[in-house]
Amino acid sequence: MANAPIKLLIAASGTGGHLFPAIALAQKLPNYDIEWLGVPNRLETQLVPDQYPLNTIAVEGFQQGFGFSSLRVLVKLVSSILQVRRILKQGNFQGLFTTGGYIAGPGVIAARSLGLPVVFHESNALPGKVTRFFGPWCSAVAVGFDVAVKYLPRSQNVCVGTPVRSQFLEEGTDNTLDLPIPDGVPLIVVFGGSQGAVAVNKLVRQSAQVWFDAGAYVVHLTGDKDPESGSLQHPQYIELPFYDNMAPLLRRANLAISRSGAGSLTELAVCGTPAILIPYPFAAEDHQSYNAAVFTNVGAALTFKQSELTPEILQKRVLDLLQSPTELAKMGENAKAIAVPDSADKLAALVREIVGRE
Ligand SMILES: CC(=O)N[C@H]1[C@@H](OP(=O)(O)OP(=O)(O)OC[C@H]2O[C@@H](n3ccc(=O)[nH]c3=O)[C@H](O)[C@@H]2O)O[C@H](CO)[C@@H](O)[C@@H]1O
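Residues numbered from 1 in each chain as written. Predicted model: local features only at pLDDT ≥ 70, side-chain atom pairs only at ≥ 80, totals over all residues. Heavy atoms only, no water.

Engineer: When you look at the nonpolar core in this model, what are you seeing that I'm missing?
Structural biologist: What tends to happen in soluble globular proteins is that the nonpolar side chains get buried as a cluster. Counting 35 residues, the largest nonpolar core has Val219, Leu249, Leu268 and Phe295 as its most contacted members. Put simply, the parts of the chain that give this core at least two residues each are β8 (187-191), β9 (217-221), α7 (246-252), α8 (262-271), β12 (275-277) and α9 (287-297). Sorting elements by how many residues they give to this core places α8 first, with 5 residues. Counting residues in each nonpolar core, the second largest holds 27 residues, with Ile57, Ile103, Ala111 and Val141 among its members. (Core = buried A, V, L, I, M, F, W, Y, C linked by side-chain atoms within 4.5 Å. Buried < 20%, exposed > 50% of the residue type's maximum accessible area, 1.4 Å probe, protein only. Helix = DSSP H or I, 4+ residues; strand = E, 2+ residues; numbered from the N terminus.)

Following this line, the structure appears as structure tokens:
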């Protein structure tokens, strides 16, 4: 009689940076019986493929300080732990995988209290508080960048890179660029994580004319909350709130201007795309600056603090780079050198080793 498939609960919620690596892992475990754990109103309701049933719980992050609102969050946390325990027990799950964030706490506590193995993936160079706190309770913490290990002295750490969506690993017919960019023109791609970055959008719109004059095209992924969307019109300018087909776009780009979320950086590395990085200044513990430093240190990107970046500086640095194809090529090679294209395979192998072989 064939063995029943291994049951795995994946707790990944909120942003593309948390969801895409988890989806890439799930796709590498085709013989596992996988269900998802998320919250009712976040991106997982749109991004998690139909074949993985989505269980939702109500959970929130802690605010600074401890007042009535924190007490309310604590009550919710206890209730969410109990809900996850129930889901794990009723579904006979054999392990839990998480990419961190607020969903991870209840997931890790519930699974460990039932004696189930937990694999945690942390994609940032500076691991989040949740990872630092819960890492030692997990069976393994897989990290995206090896510098992260130094912040996790008490966990069982393995460096596996960060998994990317399958579109980044295959060049197929349905994976070609469907935007009207002429061959041979310099292409700048601007994006600000999965939500867009209004401050970066503003800087880019104030800077772009000189790039157009130099013959460059700009594809600008603005997010859907940009109050100035539609304000710049130019034949060499394509503005979209979100674009799905990132792999061919980043491969075609001569330069990216981007925030430095771990997901974006991992994709830039896999595609060998040189970049100007503008870390999100309000990210928890300034973790995007630590991510950006990984790229700057190997010569794959230039990093600018948002507070110090003016349209004049941005205009000039972009023009300088567009006029130095050798330097751009070198930056692209440096980015590629730190890519881990088989990251999803490595992470799936780790999950099989810890949770069980199908
Ligand atoms: C503001 C904030 O705290 N963001 C965090 C969030 O990232 P967040 O999800 O915002 O950003 P990431 O850079 O990790 O990922 C963005 C993802 O969205 C995709 N994309 C973006 C635009 C678009 O039009 N189409 C598209 O597919 C990108 O290709 C990428 O895969 O979680 C990451 C992982 O913990 C952190 O490193 C980030 O710092």
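Engineer: Please explain the sheet that holds β8 as it appears in this structure.
Structural biologist: Adjacent strands of a sheet form backbone hydrogen bonds with each other and so pair up, either parallel or antiparallel. Pairing is parallel in the open sheet, where 6 strands are placed in the order β10-β9-β8-β11-β12-β13. Lying at the two open borders of the sheet, with one neighbouring strand each, are β10 (237-240) and β13 (301-303). Mean inter-strand twist for the sheet, computed between neighbouring axes without regard to direction, equals 15°. As defined by bridge partners, strand β11 (residues 255-258) adjoins β12 across 3 bridges and the pair is classed as parallel. Across the sheet, the residue bridging to Ile257 is Ile276, located in β12. (Pairing = 2+ DSSP bridges. Axes fitted to C-alpha atoms, helices over the stretch in contact; angles between N-to-C directions.)

Engineer: Help me understand the environment of Pro281, please; the structure alone is not making it clear to me.
Structural biologist: Examined against the element boundaries, Pro281 turns out to sit in the loop between β12 and α9. On the accessibility criterion, Pro281 (35% relative accessible area) is partly exposed. Remark: the alpha-carbon pair of Pro281 and Ala301, spanning 20 residues in sequence, is separated by 18 Å. Residues within four places of Pro281 in sequence aside, it is in contact with Arg259 and Gln306. (Contact = heavy atoms within 4.5 Å.)

Engineer: For this particular structure, what's the right way to read unusual backbone geometry?
Structural biologist: Trans is the prevailing form of peptide bonds, just as negative phi is the prevailing case for residues other than glycine. Phi at Glu285 takes a positive value of approximately 50°, unusual for a residue other than glycine. For Asp286, which is not a glycine, the phi torsion comes out positive at approximately 55°. With respect to the secondary-structure elements, Asp286 resides in the loop between β12 and α9. Judged by its relative accessible area of 33%, Asp286 is partly exposed.

Engineer: How should I be thinking about the side chain of Glu267 in this particular structure?
Structural biologist: Mapped onto the fold, Glu267 is located in helix α8. Here the side chain of Glu267 touches Arg165 through a polar contact of 3.3 Å, side chain to side chain. (Polar contact = N/O pair within 3.5 Å; in protein donor to acceptor, adjacent residues only side chain to side chain.)

Engineer: Explain the pairing of strand β2 (residues 33-38) to me, please; I cannot follow it from the model alone.
Structural biologist: For a regular strand, side-chain orientation follows a simple rule: the groups alternate between the two sheet faces. Extensive coverage of β2 is indicated by the burial of 5 of its 6 residues. Two elements, strand β1 (residues 7-11) and β2, share 5 bridges in a ladder whose sense is parallel. Looking at β2, one finds that Leu9 is bridged to Glu35. With 3 bridges connecting them, β2 and strand β3 (residues 54-56) associate as parallel partners. Bridged to Leu37 within β3 is Asn55.

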